[in-house]
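Architecture at a glance
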Amino acid sequence: AICTPSAATGPPRAGFTRPRARTPRHAMRTNTFALVATALLLTVCVHVANAEATHGAFLHGVASGDPTHDSVVIWTRVTPTGRDPGETDPDPHVSFHVRWRVATVPPTSTPVDPVAKPVTEGSRVPMAPGSTSFGWPDASTVAKSGIARAVADKDWTVKVDVTGLRHGVRHWYAFDVVEMTSSDDQSNNQNQASSYPALTTARRSETGTFELPPPKGTPYPHNHGPLRAAVFSCANWAWGHFHAYDAAGRGWGGVDVSSSVAGESSRLDAWFHLGDYYYEYGNTHYPNADEAVPDRWRSLSPAHETVTLDDYRRRHQLYRSDAGLQRLHASAPVIAIWDDHEIANNPWMNGAEDHQAWEGDFHVRAGAAIRAFHEWLPTREPKMGHSGDSSGAASGDSIPSSFAYNRSVHFGDVASFHVLETRLTARTNPNANPSGNVWANLTAEIGKFAESSRAPAAWPGSPLETRIKAIKANLDVYRDEEKETMAGPAQLSWLADEVSASADGGVAWQVVAQASPVQDLMSPDVDAGAKSLDAEGVVKPPVGHETWRAALEAWTDWHGTGKTETFGEGGRSVPAGSAPAVFGGGEK
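Notes on the structure in this doc start here. (Residues numbered from 1 in each chain as written. Predicted model: local features only at pLDDT ≥ 70, side-chain atom pairs only at ≥ 80, totals over all residues. Heavy atoms only, no water.)

1. Considerations on the overall build of the chain
- A tally of helices and strands in the chain yields 13 helices and 17 strands.
- With 588 residues in all, the chain has 46% of them scored as buried.
- A fraction of 73% describes how many contacts in the chain between residues 6 or more apart in sequence connect residues 24 or more apart.
- For the chain, the accessible surface area stands at approximately 28,600 Å², while carbon and sulfur atoms represent 56% of it. (Helix = DSSP H or I, 4+ residues; strand = E, 2+ residues; numbered from the N terminus. Buried < 20%, exposed > 50% of the residue type's maximum accessible area, 1.4 Å probe, protein only. Contact = heavy atoms within 4.5 Å. Areas by Shrake-Rupley, 256 points an atom, 1.4 Å probe, with all protein chains shown as cover.)

See the structure below:
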């Protein structure tokens, strides 16, 4: 299209007469019309130019999730780039045709360079320099393929539930942006391998891999080895880099550092993320600038607490830029469920401890958070109605279907994992506890007493011990109330049916995967734990301490010397001021 209007020159053509002389008012009207028309034309031309200049880049890796014996959800995100320097948000009408392919061999670049090596998952290298072709030259190795669309309404994420796959076979998958006409559009259609060329080398994704488990109750092949899975939770960007993700993606050190993936003997079959995939906090606390790893704190996006859909999407974008997390997602399917910080601290059905009135309607906020969660993770989204259903939604409660994300994932005859949503579906208000925030109250009570009385060695028979026991007694009464729930009757009925059916089907292990720890004690009895560790003598005490008991006394300022340490080794340790509260919470 020609975007520069041209002016006719020369004498009038045959059949046309010269216009009559124009009055000033006529000239003004004519000139005004010309200016408006030119402005409109330029607006259209700029829009076209922007759309043509916009191209997609795969900046957030690939992922697979929620595997069955014959299907898996694959995911990527096409980041719109190129409109203006430094900007990544084009016109919302811009979209991309994204080809996806799942094959039984890794992709190669041999159509351009016959000596190029296969591309390993989680990496774009080795690729032939300047290669413009990428994929599977032998179409017979492509098990499934199709075309999906990346659009603004889904934050340009692409998610495909690929069905009809074989279990026990390693698959590789990748995405690229392709040129198509409207008549070619087969969005989400699982057609045979398409021949559309990728536009440039920059417009293709990393490569991911997975192996599907046998059907429920079916034995694994004898040569498969043990079922390997990893469990993660509570990943906070600003506290540091996600080295554990990277290690798991590499097979826990089972590969050479120069390699991008693990060998077959150390690959994960799946991994679980059981909540707090990210933290919603802004940069003012948990952590603040003094506590955080500097480069991570500076890059927090958005810098404020996440409240809106755009906020939650931007926080996902940030976390998915982490190389370790990208590697792990590419290495094996994830089975994920949210906890509280994907939404707001300590939420329940109708609110959250850290949701304030000025932040708007809680249900709107929760809906935005869960929408972003499903957009940015390879989830098989629930499609039931708004009330009780077979997956265990709270019977009679009007909840969005996207909240009722309960499901079972089966790994042959080895294990069935039953995943429960325990925050938004049926949880009653945990903040109604008459003792309030248990750890905050325990810390405050300890702080009321003189320095010498705070020492755990001085607690037996003291007024402080009486106050600690009173807080515990109130909590015991509260947690025994029948009306206080984490999971509703419909969920528990669904869980019982799932466990029974799986066990009857010959599955050895029934594992409940959900975000909140379940235990008989209110808090771990760290005193008894230290004594047990010392008696067993298997786990060495922390560096600088001869015994676990000595470490415990140092961490809690046992004798009131004032020389306190933090409670715990590495990672997120407990501040010294809170350490006695943790100890007190577990004491009988």
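2. Notes on unusual backbone geometry
- Cis geometry marks the peptide bond from Y286 to P287; its omega dihedral reads -5°.
- Its location among the elements puts P287 in the loop between β11 (270-273) and α3 (294-298).
- Following S301, the chain continues to P302 via a peptide bond in cis, the omega torsion being -10°.
- At W156, a residue that is not glycine, the phi angle is positive and equals roughly 60°.
- Relative to the elements of secondary structure, W156 occurs in the loop between β6 (142-150) and β7 (157-162).

3. Some words on the sheet that holds strand β9 (residues 208-211)
- Taken in spatial order, the four strands make up an open sheet running β6-β5-β8-β9, and their pairing is antiparallel. What marks the edges here is a single partner per strand, and that holds for β6 and β9. Each adjacent strand pair in this sheet contributes to an overall mean axis angle of 20°, direction not counted.
- Examined bridge by bridge, strand β5 (residues 96-103) and β6 share eight bridges and lie antiparallel to one another. Across the sheet, V98 pairs through a bridge with A148, a residue of β6. (Pairing = 2+ DSSP bridges. Axes fitted to C-alpha atoms, helices over the stretch in contact; angles between N-to-C directions.)

4. Examining the packing of aromatic side chains
- Following the criterion strictly, the structure yields 19 aromatic pairs and no others.
- On the numbers, 5.1 Å between centres and 70° between planes, the contact of F242 with Y245 is edge-to-face.
- Through pairs of rings, three or more aromatic residues link up here, namely F232, W237, F242, Y245, W271, Y278 and Y319.
- The ring centre of Y405 lies 3.6 Å from the NZ or CZ of R407, which sits over that ring. (Phe/Tyr/Trp six-rings, centres within 6.5 Å; stacked < 30°, edge-to-face > 60°. Lys NZ or Arg CZ within 6 Å of the ring centre and 35° of its normal.)

5. Things to note about the nonpolar core
- Counting 49 residues, the largest nonpolar core has W271, W338, I343 and L424 as the members making the most contacts within it.
- The biggest single contributor to this core is helix α6 (residues 362-376), with seven residues.
- Each residue touching W271, except ones within four places of it in the same chain, is listed here: A230, F232, L325, L328, H329, A332, P333, V334 and I335.
- Ranked by size, the runner-up nonpolar core spans 24 residues in total, among them V62, V78, V94 and A330. (Core = buried A, V, L, I, M, F, W, Y, C linked by side-chain atoms within 4.5 Å.)

6. Things to note about the side chain of H355
- With respect to the helices, strands and loops of the structure, H355 is situated in the loop between β14 (351-352) and α6.
- At 2.7 Å, the side chain of H355 and the backbone oxygen of G360 are in polar contact.
- Side-chain polar atoms of H355 contact the side chain of R365, separated by 3.1 Å.
- In contact with H355, other than residues within four places in its own chain, are G360, D361, F362 and R365. (Polar contact = N/O pair within 3.5 Å; in protein donor to acceptor, adjacent residues only side chain to side chain.)

7. Overview of helix α10 (residues 489-504)
- In this model α10 runs 22 Å from its N-terminal to its C-terminal C-alpha over 16 residues, within 8% of the 22 Å that 1.5 Å per residue would give.
- Among the residues making up α10, those that are buried are A490, Q491, W494, L495 and S502. Each buried residue of α10 lies within a common arc of 135° when the element is viewed along its axis, so the set occupies one face. Pointing more than 90 degrees away from the buried face of α10 are the exposed residues P489, D497 and D504.
- Elements that come into contact with the buried residues of α10 comprise β15 (407-411), β16 (415-419) and β17 (509-513).
- Just downstream of α10, G506 is the residue with a positive phi angle, here 95°. (Expected span 1.5 Å × (residues − 1). Arc of directions from axis to C-beta.)

8. Concerning the packing of helix α11 (residues 526-536) against helix α12 (residues 548-555)
- Look at α11 against α12: their axes get within 8 Å of each other, and the N-to-C directions meet at 150°. The angle between α11 and α12 falls in the class roughly antiparallel. Listed contacts from α12 to V526, D527, A530, K531, L533 and D534 of α11 are W548, R549 and L552.
- Tallied by class, the residues present in the contact of α11 with α12 amount to five nonpolar, no polar and four charged. (Parallel < 35°, antiparallel > 145°, perpendicular 65-115°, else oblique. Nonpolar A, V, L, I, M, F, W, Y, C, P; charged D, E, K, R; others polar.)

9. Observations regarding empty space enclosed by the protein
- Tallied over the entire structure, the rule returns three cavities of 30 Å³ or more.
- Taken as a whole, the largest cavity spans an internal volume of roughly 70 Å³.
- Around the largest cavity sit 14 residues that line it, and N236, Y281, G282, Y286 and L300 are the ones nearest its centre.
- Taken together, the residues that form the lining of the largest cavity break down as nine nonpolar, four polar and one charged. (1 Å grid on protein atoms, 1.4 Å probe; cavity = no way out; pocket = protein on both sides within 12 Å on 5 of 7 lines; lining within 4 Å. Points joined across faces, edges and corners; volume = space filled by probe spheres on them.)

10. Notes on the pattern of salt bridges
- Evaluated as defined, the whole model comprises 23 salt bridges.
- Residues E305 and R365 are paired through a salt bridge, measuring 2.8 Å at the closest nitrogen-oxygen approach. Pair noted here: E305 is in the loop between α3 and α4 (309-319) and R365 is in helix α6, with a separation of 60 residues, a long-range link. One exposure class covers both E305 and R365, and it is buried.
- Where R314 meets D310, a salt bridge forms, and the shortest distance between an N and an O atom there is 3.9 Å. (Salt bridge = Lys/Arg side-chain N within 4 Å of Asp/Glu carboxyl O.)

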